[in-house]
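Remarks on the overall topology
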Amino acid sequence: MSASWPPDVDMLDVIGDWLYSQRWFPGSVGDSVRLVANIDLSSLSAPLDDNGDSTDVLEPVWISIIEVGETFIQVPLAFTDVKPDFGVIAQVRGAWLVDGCYSPAFLRAWVRRAHDSGSLYPVDPQRADEVRDDLVRHAEHTRVLTGEQSNTSVVFDSQFACVLKILRVVHCGIHPELEITTALGKAGWPHVAAPVAYLEEKISVPELSKTPVVLGIAGTLVREARDGFELFVEIASRAEDPSPLARELGQVTAGLHQQLAETLGVHERLNPAELRDRLQVNLAASAAEVPQLRQTHLIERLETTIAGIGDLDELPATIRIHGDYHLGQTLYGRDGWCVLDFEGEPLRPLAERRAPDLALRDVAGMLRSFDYAGAKAQVDAWWVDHARNAFIAGYTADGGFGEVEQKLIQALEIEKAAYEAVYEYRLRPDWISIPLSALERLAE
């Protein structure tokens, strides 16, 4: 065992400043922050010797569950007397406290814990031992992805190459990403990163104790792939026509919704009045938090548009959907488009994210994402219009949307842009003009 954590040192005091600097941290200065549980994985942290056998060298590694206001987050940690190149949080009495995502000892322990829990390779459990040995051997050679995201992703580049997503905000209940990717993987749909591993734990906190809590999911690594958002920003920066790729993405999206309907079922239709009420509640909640939405008559005009949804005769049937669909949730590789991150909008409750909904909500999210790509590249509206129109053409097989679908798309884009306004107001205030401009356009 290497250096042990000093029992008289308050861990929250040590990591406090670091926590507030992390993009995934949901709190702000002044919020109540409380340590509610530690999950000790130290006994599983041993490295391998030259023969591939575990040694008796252990390091303190654990998962801390922290309550921030009414939200629970996980913070994987390691304490070592060998200073790593990356991930150091603080030096404490001659040793280093490290973000566990950067610690081979923590990653070995995570994989072994998943194996012992029976959650390695759910699409083919007979290969669990093989997967464990492969990932443990390569824990020394992982890399942490540095892009902006609500979680933290660690890449294992090995035989069972995968991306381990450490879920920073945790919830009690069935996790939609694990549920959907497992179903799509078993169905053989080729445009999804099938799960390689996941870890769930029982946590003795009243709010989290009803069911095991999913802490991390590893999905198959898509090789030689480009992030969808970065790809379209690059295309826009070169003033190239986005239509071919956008059309192909629309076709894949239609295939995704068809596969979700076949695999997880078609559900009842929403009542138009109930959908109107939901949209109005979400819009009002956004306006209550974002001052810019209350400074003009924008809200009144948006409410008028949404109110018209209640007059529709009938809505399409609902299915399980992606729930947070945008370009950053896609990769484009040698085999075409791959869809990622089925956890839904992280600020919404887990039960709400698992509820069946209109497939057009995903479509609205992707249309909003083209707006973001155009804004990032600072291109004219023509580029965004070409991307949106091509995506719709691919999604509808050139049939376009009918009158009801067009009204729904407009209302669902309003809902999405209002959600974006809250997100940007909280985390990226420099970007808030993007959803606000969209809401002005949608209000017309």
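Everything here concerns the structure above.
Presented here is an overview of the structure given in this document. (Residues numbered from 1 in each chain as written. Predicted model: local features only at pLDDT ≥ 70, side-chain atom pairs only at ≥ 80, totals over all residues. Heavy atoms only, no water.)

Here we come to the pattern of salt bridges. The tally for this structure, following the rule as stated, stands at 34 salt bridges. Glu 140 is the partner of Arg 108 in a salt bridge, and the nearest nitrogen-oxygen pair spans 2.8 Å. In this pair, Arg 108 is assigned in helix H2 (residues 104-116) and Glu 140 in the loop between helix H3 (128-137) and strand E6 (143-144), connecting sequence segments 32 residues apart. A relative accessible area of 46% means that Glu 140 is categorised as partly exposed. A salt bridge links Arg 354 to Glu 179; the nearest nitrogen and oxygen atoms lie 2.9 Å apart. Taken together, the residues Arg 354 in helix H9 (residues 350-354) and Glu 179 in helix H4 (residues 176-187) connect sequence positions 175 residues apart. We classify Arg 354 as partly exposed; its relative accessible area is 25%. (Salt bridge = Lys/Arg side-chain N within 4 Å of Asp/Glu carboxyl O. Helix = DSSP H or I, 4+ residues; strand = E, 2+ residues; numbered from the N terminus. Buried < 20%, exposed > 50% of the residue type's maximum accessible area, 1.4 Å probe, protein only.)

Right, let's talk about the packing of aromatic side chains for a bit. Throughout the structure, instances matching the rule amount to 13 aromatic pairs. Members of the aromatic cluster, joined through ring pairs, are Phe 232, Tyr 332, Trp 337, Phe 370, Trp 383, Phe 391, Tyr 395 and Phe 401. In this structure, Arg 168 is placed above the aromatic ring of Trp 24, and the distance from its NZ or CZ to the ring centre is 3.9 Å. Directly above the ring of Trp 431 sits Arg 428, whose terminal nitrogen or CZ lies 4.1 Å from the centroid. (Phe/Tyr/Trp six-rings, centres within 6.5 Å; stacked < 30°, edge-to-face > 60°. Lys NZ or Arg CZ within 6 Å of the ring centre and 35° of its normal.)

At Arg 93, a residue that is not glycine, the phi angle is positive and equals roughly 50°. Here Arg 93 lies in the loop between strand E4 (88-92) and strand E5 (95-99). You will see that Gln 378, though not glycine, has its phi angle at about 55°, which is positive. Here Gln 378 shows up in the loop between helix H10 (359-377) and helix H11 (381-395). The exposure class of Gln 378 is exposed, given its relative accessible area of 72%.

So, about the nonpolar core. As a rule of thumb, soluble globular proteins bury nonpolar side chains together. In this structure, Phe 232, Leu 293 and Phe 370 are the most contacted members of the largest nonpolar core, which totals 72 residues. If you tally residues by element for this core, the top one is H10, at 10 residues. The residues touching Phe 232, leaving out its near neighbours within four places in the chain, are Pro 242, Leu 245, Ala 246, Leu 327, Trp 337, Phe 370, Ala 373 and Trp 383. By size, the runner-up hydrophobic cluster in this structure holds 44 residues, among which are Val 98, Ala 105, Val 111 and Val 170. (Core = buried A, V, L, I, M, F, W, Y, C linked by side-chain atoms within 4.5 Å. Contact = heavy atoms within 4.5 Å.)

Here we take up the sheet that holds strand E7 (residues 152-156). Taking strand neighbours across the sheet as the criterion, the five strands line up as E6-E7-E8-E11-E10 in an open arrangement whose pairing is antiparallel. With partners counted over all chains shown, the strands left at the sheet margins are E6 and strand E10 (195-201), one partner each. Sheet topology places E10 next to strand E11 (residues 213-220); six bridges connect them, and they run antiparallel. Note that in E11 the partner of Tyr 198 across the bridge is Ile 217. (Pairing = 2+ DSSP bridges.)

On to the packing of helix H7 (residues 272-289) against helix H8 (residues 298-307), then. Relative orientation of the contacting elements H7 and H8 amounts to 165°, with a least axis distance of 9 Å. It follows that H7 is roughly antiparallel to H8 by the angle criterion. Crossing of H7 over H8 shows right-handed handedness. Together, Arg 276, Leu 279, Gln 280, Leu 283 and Ala 287 of H7 and Ile 299, Leu 302, Glu 303, Ile 306 and Ala 307 of H8 make up the contact between the two elements. Tallied by class, residues from the contact of H7 with H8 come to seven nonpolar, one polar and two charged. (Axes fitted to C-alpha atoms, helices over the stretch in contact; angles between N-to-C directions. Parallel < 35°, antiparallel > 145°, perpendicular 65-115°, else oblique. Left-handed = near helix turned anticlockwise from the far one by under 90°. Nonpolar A, V, L, I, M, F, W, Y, C, P; charged D, E, K, R; others polar.)

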